[in-house]
Structures are given as C-alpha cells and as structure tokens.
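What the coordinates show
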Amino acid sequence: MKLYHNLSQISFLKKSYSFKFLFVAFIGIHIPLIGILFFVLFSSHDISSVSILIFALIMTLLATLVTLLVLKQLIKPISLASKSLDDYRNNRKLSVLPTEYTDEAGLLMCNIQESIYESESFINEKQDLIYMLSHDLKNFAGNPQGLARLILSENPSESVKHLAELICESTNLQFRYIENFIKLLKEQDQVVKINPEAKTINFPSIVPFINEQVEQRLLDKNITLDLNLETSEADLRIDEGLLVQVLVNLISNAIKFSYFDSEVKVRIYKDDAKLAIVVADKGVGFDKNQIEELFKKFTKMSRLGTANELSTGIGLYLCKKIIERHKGTLSAASEGKNKGAEFKIEFEL
C-alpha cells in the first residue's frame, strides 16, 4: 500500500488508478533506453555493437523485472479489498480498509468497506429482532401452559386432565423448536475459521424425541412410522437437537403429503464413507422438474396436505440450509405424482 499511497500524492495521478499503471509502465519502458544512452555517452572506450546489444538486453530484463515487481505492489489495494470481502463472506471478519483515496481502487475499497458494515448492521438488527420475537413466542407458549398446569392442579376430570396434558405437551414441543431455532442463529453469529468439531450422535437416544413430536400427526391419519436403524451412532458436525428438528420436519412433511392408512419409512445407515438418512413415503409425490422448486423459500409448491394441512412454504428450505451449513447434503426424489417421495440426507464421515 505504501507505493500506492505515494503515487496518490502526485497531483496528476491522484484521481486515476489506470494512470498510475501507465506511469509505472512508461518509466519501466524507458529505463533500458536511458541506460543505453548513458552507457554510450559516458563510456571511455570504443564500444562495439555486440557490447551495446548485450547491455540493452541486460537493461531490458532488469527493467522488466523491476516494473513487474512495482506493478505487483501497485495492485495491493485490489488484493486487500478482495481479501477483506472474502474474510467477511467466509468468517464474518470485519476489516478496516482505507477510504481516503479518490481513484477507482480507492472507491472500490470505500464501497466494499461501507457494504460490509451495512451488511453487518443489517444482520445484527435482523438477529436482534428474531431474538426478541423468539422471546415473545416463548411467553405466548408459556401462557397456555401455565393455565393448563393450573387446571391440572385442580384435580379435573379425566377428559379435562387429558386435554390439559396435551396442551402442556404441545407447548413443550414449541419451546424445544424455539430453542433449536435460537441455537441455529447463535451458530451463525459465531466466526468459524475451521470446520466445527465432529460430535458423536447416538441414534437410539434421539428416536424417542422424534416419536414424541410426530406421534399425534401419525395418529390423526393412522399412518405407521417404520424407523430402521442400521447403525447406532456416527460422528457428525451437527448439533443433536438441530438434527432431530430436521428429521421431525422431514417426517412431518412426509405425513402431511401421505394418504390415510399408509406408511412412512425412515432408514439410517452407513454407505462407504457417508452416513445416509432416508425419509420415504407413498404419498402425492411430485414431478422431477419440480425438485429445485421444493427447496426454495416461500416456494410456489407450497400446498395443502392430503388432509388439508396448511404449509408455510419454508420448512424444506430451512432443512436444506441447516444440513448444508453443517457440511451435509439434502436431496429429493420422486417417480412422479401419486408415486411417493424420498428425501435423503448425507454426511461425510
């Protein structure tokens, strides 16, 4: 940056980055000519044409080398701007770029600096708002749970007691979902310079949590859940709670688009150096050309389930984002309408 700064102090080079390059190139081109003139004019001996040729070649090579080294220093502002942008995109690292220069490179650094800080400010404001909404959602879920527990404390009839217990169970699931959502946001806040450490996920221990959250949906449509564990554990770079949330979302999605009295299959197994999780149903399915649309936010494919269940249009989008953020892949496949669907998660082991 020192060379760039010094050249920026020259009045006719101050406002043009290209002029700085042309100025350095102009000097570099004329160094051999100036050297030959001095060699010829101030040499005390007769000079042969071969000597002049050799001297000209040496001066040309030296001038080319020096010019290239100087030009390499002159592109430092571009390299610095590129590195700052790359650091922010990959690691959320904020860099301080000089903003006092008025040429094209200076404006580039200034614009990148402003864009980075505007983006950071927007992200922080958005996350603050989401945290606040999440906190309020906990309060909203807590109110009916408090009332349900108050009802339970009054020794109600069995039917009322059962309904109050269902309310408590439903609000507990909401609390868990909100906590996992906040956990995902906190992970996004962290500056991760390396891949997160792998954690051992014990699949038999998470099955009860999955069953608990999808049990009522299965009962409502008399659907059987066939959960086949071909491996008991794996080291994955994802939090157990987030993995449970993704699986619950995929299974719930399969239930939503399955017909009554059908079956949803979940298979967890190792395939070479990968862990695979497959959620398959025999429901409405989709056309192959609709696969990309499935994972879009607020997708046009948002539709009612087979029992007129509502859809937010962001469930699969969030699942894919969570899996990809933790170094995995989520794909979808179907043989066509009314031929079922299959969603597959894969993690490198």
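Each value, and the rule that gives it
Residues numbered from 1 in each chain as written. Predicted model: local features only at pLDDT ≥ 70, side-chain atom pairs only at ≥ 80, totals over all residues. Heavy atoms only, no water. Helix = DSSP H or I, 4+ residues; strand = E, 2+ residues; numbered from the N terminus. Expected span 1.5 Å × (residues − 1). Buried < 20%, exposed > 50% of the residue type's maximum accessible area, 1.4 Å probe, protein only. Contact = heavy atoms within 4.5 Å. Pairing = 2+ DSSP bridges. Axes fitted to C-alpha atoms, helices over the stretch in contact; angles between N-to-C directions. Core = buried A, V, L, I, M, F, W, Y, C linked by side-chain atoms within 4.5 Å. Polar contact = N/O pair within 3.5 Å; in protein donor to acceptor, adjacent residues only side chain to side chain. Phe/Tyr/Trp six-rings, centres within 6.5 Å; stacked < 30°, edge-to-face > 60°. Lys NZ or Arg CZ within 6 Å of the ring centre and 35° of its normal. Parallel < 35°, antiparallel > 145°, perpendicular 65-115°, else oblique. Left-handed = near helix turned anticlockwise from the far one by under 90°. Nonpolar A, V, L, I, M, F, W, Y, C, P; charged D, E, K, R; others polar.

**Examining helix α3 (residues 49–74)**
Over its 26 residues, α3 extends 37 Å from the first C-alpha to the last, a length consistent with the 38 Å expected when each residue adds 1.5 Å. Of the positions making up α3, those classed as buried are Ala56, Met59, Ala63, Thr67, Leu71 and Leu74. Elements that come into contact with the buried residues of α3 comprise α1 (2–8), α2 (17–42) and α4 (76–91).

**Describing the sheet that holds strand β2 (residues 224–229)**
By definition, the strands of a sheet pair up through backbone hydrogen bonds, in either a parallel or an antiparallel sense. Read from one edge to the other, the open sheet built from 5 strands follows the order β2-β4-β5-β7-β6, with strand pairing classed as mixed. Looking at the sheet topology across the chains shown, the edges are occupied by β2 and β6 (328–333). Direction aside, neighbouring strands of the sheet carry axes that sit 15 degrees apart on average. Here β2 pairs with strand β4 (residues 263–271) via 6 bridges, running parallel.

**Regarding the nonpolar core**
Within the largest apolar cluster, 40 residues are counted, with the highest numbers of intra-cluster contacts made by Phe203, Leu236, Leu243, Leu250, Phe343 and Ile345. Mapped by element, the contributors of at least two residues to this core are α7 (203–221), β3 (233–236), α8 (240–256), β4, β5 (274–281), α10 (315–325), β6 and β7 (341–348). Counting residues per element, this core draws most heavily on α8, at 10 residues. Grouped together as the second largest cluster of nonpolar side chains are 16 residues, Val24, Ala81, Ala105 and Ile116 included.

**Remarks on the side chain of Thr67**
Note that Thr67 resides in helix α3. Given the relative accessible area of 13%, Thr67 is considered buried. A distance of 2.7 Å separates a polar side-chain atom of Thr67 from the backbone oxygen of Ala63. Contact partners of Thr67, with chain neighbours within four places excluded, come to Val24, Ala25 and Gly28.

**Some details on the packing of aromatic side chains**
Here a ring pair, both rings aromatic, is described through the centre-centre distance and the interplanar angle of the planes. In total, this model carries 6 aromatic pairs according to the counting rule given. Aromatic pair Tyr4 and Tyr17: ring centres 6.0 Å apart, planes at 70 degrees, arrangement edge-to-face. On the criterion of sequence distance, the pair formed by Tyr4 in helix α1 and Tyr17 in helix α2 is long-range, its members being 13 residues apart. The exposure classification of Tyr4 matches that of Tyr17, with both residues buried. A ring pair is formed by Phe295 and Phe343, whose centres lie 6.3 Å apart and whose planes are at 85 degrees; its orientation type is edge-to-face. One end of the pair, Phe295, is in the loop between α9 (291–294) and α10; the other, Phe343, is in strand β7, and 48 residues separate them in sequence. Classification of Phe295 by relative accessible area gives buried; the value is 11%. One aromatic cluster is present, built from ring pairs that chain together Tyr4, Tyr17, Phe21 and Tyr101. Against the face of Phe260 rests Lys221, its NZ or CZ located 5.7 Å from the ring centre. Over the aromatic face of Phe295 sits the side chain of Lys320, whose NZ or CZ is 4.7 Å from the ring centroid.

**Quick look at the packing of α2 against α3**
Their axes nearest at 9 Å, the elements α2 and α3 cross at an angle of 160 degrees. Put simply, α2 runs roughly antiparallel to α3. You can see that α2 and α3 cross each other, and the crossing is right-handed. Touching Tyr17, Lys20, Phe21, Val24, Ala25, Gly28, Ile31, Pro32, Gly35, Ile36, Phe39 and Val40 of α2 are Ser51, Ile52, Phe55, Ala56, Met59, Thr60, Ala63, Thr67, Val70, Leu71 and Leu74, all from α3. A breakdown of the residues in the contact of α2 with α3 according to their chemical character gives 17 nonpolar, 5 polar and 1 charged.

Scope: geometric values only; no functional claims are made or implied.
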